[in-house]
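Below are the chains, spelled out letter by letter.
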Amino acid sequence: MSSPAILDASCIFCKIIKGEIPSFKVYETKYSYSFLDIEPTAEGHILIIPKYHGAKLHNIPDEYLADILPVTKKLVKALGLEIESPEGTGYNVLQNNGRIAHQFVDHVHFHLIPKRNAEEGLYEGWPAKKADMGELKKIADDLVKKLDE
Ligand code: 5GP
Ligand code: ZN
């Protein structure tokens, strides 16, 4: 499929897009390529990547990003994850940026990770704590100001 791809010759995911490294492709558009993760955390663990080389989300042009969530939705339905089961069916969409945030491949990728039971997929582990309302207000006010500029 033709694509307006801007790829990096030494990037493993760019090589996958170009077919230089094999992958189990499940879906492709002009802007994105979706394939099975080689170390799945659940059956049907899919990576959705833009056909544009960039390490982090902010490096990717909007038209590529705009393609990703509708594709993810399509993949969710293809995996049957929209159908509730007695145990509960769910899924996580995960996108890591930076080594400290658990990113190991420096080409933006969105994980679609099925969660059909407690054992498979993503486990919870983040340091949530009760917030101070004054601090929340200050953070929101600062951001609103910056975003208005
Ligand atoms: P990260 O931790 O960077 O968010 O996730 C990178 C993901 O890419 C991992 O889940 C890993 O299994 C997957 N991965 C790395 N190299 C390859 C590869 O060559 N082929 C496929 N299909 N997946 C890969
Ligand atoms: Zn790349």
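How each quantity is defined
Note on numbering: residues in each chain are counted from 1, in written sequence order. Naming scheme: in the order in which they are written, chains are lettered from A and ligands are numbered from 1. Where totals are concerned, whole chains, interfaces and linings use all residues; where local detail is concerned, this predicted model gives features only for residues with pLDDT of at least 70, and gives and counts side-chain atom pairs only at 80 or more. Only hydrogens and water are set aside when side-chain values are computed; all heavy atoms of the structure are taken into account. Where helices and strands are cited, they refer to DSSP runs of H or I of at least four residues and of E of at least two residues respectively, numbered from the N terminus. Burial classification: accessible surface area is computed with a 1.4 Å probe over protein chains only, and a residue below 20% of its type maximum counts as buried, one above 50% as exposed, and the rest as partly exposed. Contacts were defined at the residue level, with two residues in contact if any of their heavy atoms lie within 4.5 Å. Using a 1.4 Å probe, the Shrake-Rupley method yields the accessible areas, and only the shown protein chains count as cover for residues. For the purpose of counting charges, residues Lys and Arg are taken to be positive, whereas Asp and Glu are taken to be negative. His and the chain ends are not included. Where a charge lies is defined by one atom per residue type: Lys uses NZ, Arg uses CZ, Asp uses CG and Glu uses CD. Here, a salt bridge means any side-chain nitrogen of Lys or Arg that lies within 4 Å of a carboxyl oxygen of Asp or Glu. Here a patch means residues that are over 30% exposed by relative accessible area and free of salt bridges, tied together within 9 Å if like-charged and within 5 Å if nonpolar (Val, Leu, Ile, Met, Phe, Trp, Tyr). UniProt positions are given in the numbering used here, feature names are shortened, and annotations may be inferred rather than shown by experiment. Counted as donors are the N, O and S atoms within 2.8 Å of the metal, or 3.2 Å for Na, K and Ca, while water is not among the atoms, so some sites may look incomplete. All geometry calls rest on donor angles, where a four-donor set with angles between 85 and 135 degrees is tetrahedral, four- and six-donor sets with opposite donors more than 155 degrees apart and all others between 65 and 115 are square planar and octahedral, and all else is irregular.

**Details of the overall build of the chain**
- The helix and strand tally for the chain stands at three helices and five strands.
- Ordered by position in the sequence, the α and β elements of the chain form the string α-β-β-β-α-β-β-α.
- Summarising its shape, the C-alpha atoms of the chain cover approximately 55 × 45 × 25 Å along the three principal directions.
- Per-residue burial for the chain yields a buried fraction of 32% across its 149 residues.
- The long-range share in the chain, meaning contacts at least 24 apart out of those at least 6 apart in sequence, stands at 54%.
- When the accessible surface of the chain is totalled, it reaches about 10,000 Å², and 59% of it is carbon and sulfur.
- For the chain, the separation between the mean place of its 18 positive charges and that of its 22 negative charges on side chains is 3 Å.

**Brief notes about the pattern of salt bridges**
- Applying the stated criterion to the full structure yields seven salt bridges.
- Notably, a salt bridge pairs aspartate 106 with arginine 99, separated by 3.0 Å at the nearest N-O pair.
- Overall, aspartate 106 belongs to the partly exposed group, its relative accessible area being 34%.
- Across the pair arginine 116 and glutamate 120 runs a salt bridge whose closest N-O atoms are separated by 3.1 Å.

**Re a nonpolar patch on the surface**
- Residues Met133, Leu136, Ile139, Leu143 and Leu147 make up a contiguous nonpolar surface patch of about 550 Å² in total accessible area.
- Looking at the secondary structure, you find methionine 133 in helix α3 (residues 133-148).
- A relative accessible area of 61% means that methionine 133 is categorised as exposed.

**Digging into the UniProt feature "domain: HIT" (unreviewed entry) in the chain**
- In the numbering used here, UniProt assigns the "domain: HIT" (unreviewed entry) feature to residues 12-122.
- Here residues 12-122 runs as 22% helix and 23% strand, with 24 Å between its end C-alpha atoms.

**Quick notes on the coordination of the zinc ion (ligand 2)**
- For the zinc ion (ligand 2), the full set of protein donor atoms is Cys11 (SG), Cys14 (SG), His53 (ND1) and His107 (ND1), and the range of their distances to it is 2.1 to 2.3 Å.
- Each of the four donor atoms bound to the zinc ion (ligand 2) contributes to angles spanning 105 to 115°, and the resulting shape is tetrahedral.
- As a motif over one chain, the donors of the zinc ion (ligand 2) read C-x2-C-x38-H-x53-H. Placement of the pair is cysteine 11 in the segment before α1 (12-18) and histidine 53 in the loop between β3 (46-50) and α2 (62-78), with a sequence separation of 42 residues.
- Among the residues examined, cysteine 11 registers a relative accessible area of 7% and is labelled buried.
- Residue class for histidine 53 comes out partly exposed when judged on its relative accessible area of 25%.

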